[in-house]
Amino acid sequence: MAEGIKDKVAVIGVGCTSFGELWDKGPEDLMVEAFTEALEDAGIDKKDIQAAWLGTCFDEVNVGKSAVSLATTLKLPFIPVSRVENFCATGTEAFRSACYAVASGACDITLALGAEKLKDTGYGGLPDFGAVMGTKNRLIWPNMTAPGQFAMMATKYFDKYGLDPEEGKATLAKISVKSHRNGAMNPKAHLRREITVDQVLKAPIVAWPLGLFDCCGVSDGAAAAIVARPDIAKKLRPDPVYVKALQISVSSGEEIMYSGTWDGAHVESTYRAGAKAYQEAGVKNPREEMSLLEVHDCFSITELTIYEDLQISPRGRAREDVEAGFYDLDGQVPCQPSGGLKCFGHPIGATGLRMIYEVYKQLQGKCGKRQIKNPRLGLTHNMGGFPSMNIVSVCILGN
Amino acid sequence: MVGIVSCGAYIPRYRLSRKTIAAAMGWFNPQVLPGEKAVANYDEDSITMAVAAGFECLKEISRKSIDAIYFASTTSPYRERQGSGIIAGALDLRPDLRAADLTDSVKAGTGALLAATDAVKAGEAGNVLVCAADCRLGKAGSLQEQIFGDGGAALLVGTEGVIASLEGSYSLSFDFPDHRRAEQDRFDRSWEDRWIRDEGYLKFMPMAARGLFGKYGLEAGDFAKAVLACPYGREHASIGKQIGFPPEKVQDNMITSVGDTGAAYPLMVLMAALEDAKPGDRILLVSYGNGCDALCFRVTEEIGRVRNKKGIKGCLSVRKDLNSYQKYLAFRNMIPMEVGVRGEEITFTQLSTLWRERKTVLALGGVRCKNCGTPQYPRQRVCVNPECGAVDQMEDYSFADKKGRLFTYTGDNLAFSISPPAIYGIVDFDGGGRYMFDLIDCELADLKVGMAVEMSFRRKYADQGRGIIGYFWKAVPTEGVI
């Protein structure tokens, strides 16, 4: 394995807007808000930033293609700015670019900013996929949505582990209840009400077997991170957060086209990206060593399988940990201390950076009522695509 | 000997009881016909039903042996874009093919059959596939709405393995304007029903039968069965009687089970007759529509092969009540439905892409790796088997005729569907290969992981604004859960 970027990049400032149905704000407003907070947090001037990356996914209901919107909105002074996109893992993709620029020595200080304006479509859920997957796939793919794609993993998980839908849904409900409990304490979250298992189970079905509360919200938002060389970071602040690992894994087509390997009840890329990240960070026993997780809980079933794919829970046994409160805020490995996508919603380009925002603040001990005791290593998991065809980024941060 | 070598029928799964129509529309039109009619699902049209019938007809027959295809319909979805061409693409027929659409009269079904036998007799073609299907619309509350049913029939005409030879024919053609649809008409317009029955059916059909008898020196007693494409119960019996057939020798007109399926109608009733026929039987077929075609068939010793097929009986046994008249109206696009912004959004279909990918899209053609034997869909150049990865070692492999198992599934209420939820899943094909497909002709509650499915050619989307209908294959769960 390559040497990796462990401890070669430090996060020195982060920003995050409130997430929600921000009818009166455009993506430019969101960019300015996230950037302003990050810049203040880092304590630097705009001119200190040497390069920037913008993460946005659905350009047709957002700021369009290219990075021009970021540069002109923030009035970045003729520095290199690029737009990156990798489905729902776009935010981490922007962060990865910013980190690689610093780790390579090409830049001293860089910016990653993700913004998405989802609520300008005229309907609920993510924008229709249309040609997002390419015009050829439009001819043959079912007219499907994200809830449906992930629901198919729930169907398969229940079948594989012999859970009848009622049992399976009851476990999934506890995951959502836990995230709402955390999100209710987060002033930036979109959905800030606690919910009960009963409410989850009685909610309307979005895509069988997933109901409304098994699905994350749909919202607008932006988040940003400023990264720097560690030696610079130390001069700027006493508590920079270090990138311990940053890995990405993309499906090879095997899951959806080859019937010989994938079981449909997990996400292979999550397992692969997680394993590589642990190796890069030097984590031997994730269940014991990780202090907190901020994962891509676009749906409750996604979070359940992530527990197993990230090797925190044994295969097929994440249920036991859910039932035992292992991932609760006061559990052994709290997951979604922020409230997760469940409560923040998922403005695509922003999500990965919004996760980094939470882990950074937790590691600095600034999360108030949601603060986890003495966290050492936090992980973000950002996923784009579907269980059968996807992109997964795993980032480990530590102090 | 020239005649019918094979046949395939298709009756859509949904049946609409005429009582359901009456319950909704009886206040407006109290006349109620007995029985039920077959109704195409929302993603079916005359092209998809013709493909389904053709697919059944060509089972165990080499697609390479087909030299011509004729498609008969009065409801081909395109005014310009050949229906038989789409069907040939879906059935993966050879491109050096004579293809023609016969249309504008419900007599087109027998017209196509006669054209096919002529071509074979002339030695211009060895095997001609005749596909007929119709999906006609009567206006809400009309008699036609009750009479018209949806369905398809396919007959293979050739010289080898003939199950029923065509001994002769007699045709009548009149500009009898009983039914019409002008350029922009979606719905049938017709003259007074009594006139249609008395001056049309009751006169032309006996005239055609007698013409045939006279031409070949035959009489009713020479026939085992009369197939009379008349959807009116009383007139149907009366025509049989007029030309000398006792009621038991007149084939049931399927009006109470399927309805008048237009161009496919005479061929479907003929197929039903063939299913009960014995070697040596002579069958009289009389179609109707701006005149009549009368055909005389002689059943051969090969007739037993018909019973190995699903046939009309098999199709009739697969049925599901469409117990909502409103749903019927929505399926046929007869009422403006609130489809929402998501339903309105349709990406432009790049027709150059469609053409390039025609094997993949129309024929559900994939590839198999010659190096490791892995079937894969859609077509790949680099083998998807992680242990192989061979480049450009692929041979053509069809998935259209492969059965599969449901790997997983969902019923999606968020995705737009005119019949929510949108049900789709991942299919593992027997013999290898996996992909995701829409599931159709099923209820969510009946699905199970591991269930057997087969593939069916359907409308995937209709881009009304640009006049494009996207066709593709969907998975249909079959009986029996494994």
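Residues numbered from 1 in each chain as written. Chains lettered and ligands numbered in written order. Predicted model: local features only at pLDDT ≥ 70, side-chain atom pairs only at ≥ 80, totals over all residues. Heavy atoms only, no water.

Colleague: I would appreciate a short explanation of the overall build of chain B in the present structure.
Modeller: Scanning chain B from terminus to terminus reveals 13 helices and 22 strands. Relative to the globule expectation of 23 Å for 482 residues, the C-alpha radius of gyration of chain B, 23 Å, shows essentially globular dimensions. Based on the C-alpha atoms only, the size of chain B along its principal axes is roughly 70 × 55 × 40 Å. Per-residue burial over chain B gives 59% buried out of 482 residues. The long-range fraction of contacts in chain B, counting pairs at least 24 apart against all pairs at least 6 apart in sequence, stands at 72%. Per element, the accessible surface of chain B, about 19100 Å² overall, is 50% carbon and sulfur. (Helix = DSSP H or I, 4+ residues; strand = E, 2+ residues; numbered from the N terminus. Rg over C-alpha atoms; globule rule 2.2 N^0.38 Å. Buried < 20%, exposed > 50% of the residue type's maximum accessible area, 1.4 Å probe, protein only. Contact = heavy atoms within 4.5 Å. Areas by Shrake-Rupley, 256 points an atom, 1.4 Å probe, with all protein chains shown as cover.)

Colleague: In this structure, what is going on with the overall build of chain A? I would like to understand it.
Modeller: Scanning chain A for helices and strands turns up 15 helices and 11 strands. Counting only C-alpha atoms, chain A reaches 60 × 45 × 40 Å along its principal axes. If you take every contact in chain A between residues at least 6 apart in sequence, the share linking residues at least 24 apart comes to 77%. Working note: accessible area of chain A is about 13300 Å², and carbon and sulfur atoms make up 52% of it. Here chain A carries 43 positive and 48 negative side-chain charges, and the mean point of each set is 3 Å from the other. (Lys, Arg positive; Asp, Glu negative; His and termini not counted. Charge placed at Lys NZ, Arg CZ, Asp CG, Glu CD.)

Colleague: Sorry, what's going on with the pattern of salt bridges here?
Modeller: Pairing between side chains of opposite charge can happen when the charged atoms of each approach one another. This structure, assessed with the given rule, holds 62 salt bridges over all chains. Notably, a salt bridge pairs Glu-358 of chain A with Arg-370 of chain A, separated by 2.6 Å at the nearest N-O pair. Linking Glu-358 of chain A in helix α15 (residues 348–363) with Arg-370 of chain A in the loop between α15 and β10 (377–386), this pair joins segments that are 12 residues apart in sequence. Each member of the pair, Glu-358 of chain A as well as Arg-370 of chain A, is classed as buried. Residue Lys-313 of chain B pairs with Asp-276 of chain B through a salt bridge whose shortest N-O separation is 2.6 Å. Placement of the pair is Lys-313 of chain B in helix α9 (residues 311–317) and Asp-276 of chain B in the loop between α8 (265–275) and β12 (282–286), with a sequence separation of 37 residues. (Salt bridge = Lys/Arg side-chain N within 4 Å of Asp/Glu carboxyl O.)

Colleague: What should I look at first to understand empty space enclosed by the protein in this one?
Modeller: Any empty space left between atoms is shown by rolling a water-sized probe over those atoms. A complete count under the given rule lists eight cavities of 30 Å³ or more for this structure. Counted as a void, the second largest cavity has a volume near 70 Å³. Surrounding the second largest cavity, Leu-139 of chain A together with Arg-81, Thr-349, Leu-354, Val-361, Leu-362, Tyr-461, Ile-468, Ile-469, Gly-470 and Tyr-471 of chain B form its lining. Split by residue class, the lining of the second largest cavity holds eight nonpolar, two polar and one charged. (1 Å grid on protein atoms, 1.4 Å probe; cavity = no way out; pocket = protein on both sides within 12 Å on 5 of 7 lines; lining within 4 Å. Points joined across faces, edges and corners; volume = space filled by probe spheres on them. Nonpolar A, V, L, I, M, F, W, Y, C, P; charged D, E, K, R; others polar.)

Colleague: Help me understand the pairing of strand β2 (residues 51–55) of chain A, please; the structure alone is not making it clear to me.
Modeller: One face of the sheet, then the other: side chains in a regular strand alternate in exactly this way. Residues and elements named next belong to chain A. Along β2, five of the five residues are buried, which leaves the element largely enclosed by surrounding structure. Residue alternation in β2 divides its side chains into two sets, Ala-51, Trp-53 and Gly-55 and Ala-52 and Leu-54, and both sets are buried. In the sheet, β2 pairs with strand β4 (residues 109–116) via five bridges, with the strands oriented parallel. Bridged to Ala-51 within β4 is Thr-110. By the bridge criterion, four bridges tie β2 to strand β3 (residues 81–84) in an arrangement that is parallel. Opposite Trp-53, over in β3, you have Ser-82 as the bridge partner. Between the parallel pair β2 and β3, the chain is carried across by helix α2 (residues 68–74), and the sense of this crossover is right-handed. (Pairing = 2+ DSSP bridges. Right-handed = clockwise from strand over helix to strand, strands pointing away.)

Colleague: Is there a simple way to think about the domain arrangement of chain B in this case?
Modeller: Reports of interface size often rely on the accessible area that becomes lost once the parts have come together. Residue and element names in this part refer to chain B. Domain annotation for chain B reports domain 1 (3–331) and domain 2 (401–477). If you average the C-alpha positions of domain 1 and of domain 2, the two centres end up 28 Å apart. Taken together, the two surfaces of domain 1 and domain 2 that pack against each other cover about 1700 Å², and 55% of this comes from carbon and sulfur. Where Arg-13 meets Glu-443, a salt bridge forms, and the shortest distance between an N and an O atom there is 3.0 Å. (Domains from an automatic or database assignment. Buried area = accessible area lost by both parts, 1.4 Å probe.)

Colleague: Even after reading the chapter, I still don't get the layout of surface pockets, so can you show me in this structure?
Modeller: All names here are of chain B. Each pocket or cavity is described by its volume, and for the second largest pocket that value is around 940 Å³. Along the wall of the second largest pocket there are 37 residues; nearest its centre are Lys-310, Glu-454, Val-476, Pro-477 and Thr-478. Of all the secondary-structure elements, those providing two or more residues to the lining of the second largest pocket are β1 (3–10), α2 (46–57), α9, β21 (452–463) and β22 (468–477). Residue assignment places the lining of the second largest pocket across two domains, with domain 1 (3–331) and domain 2 (401–477) each supplying three or more.

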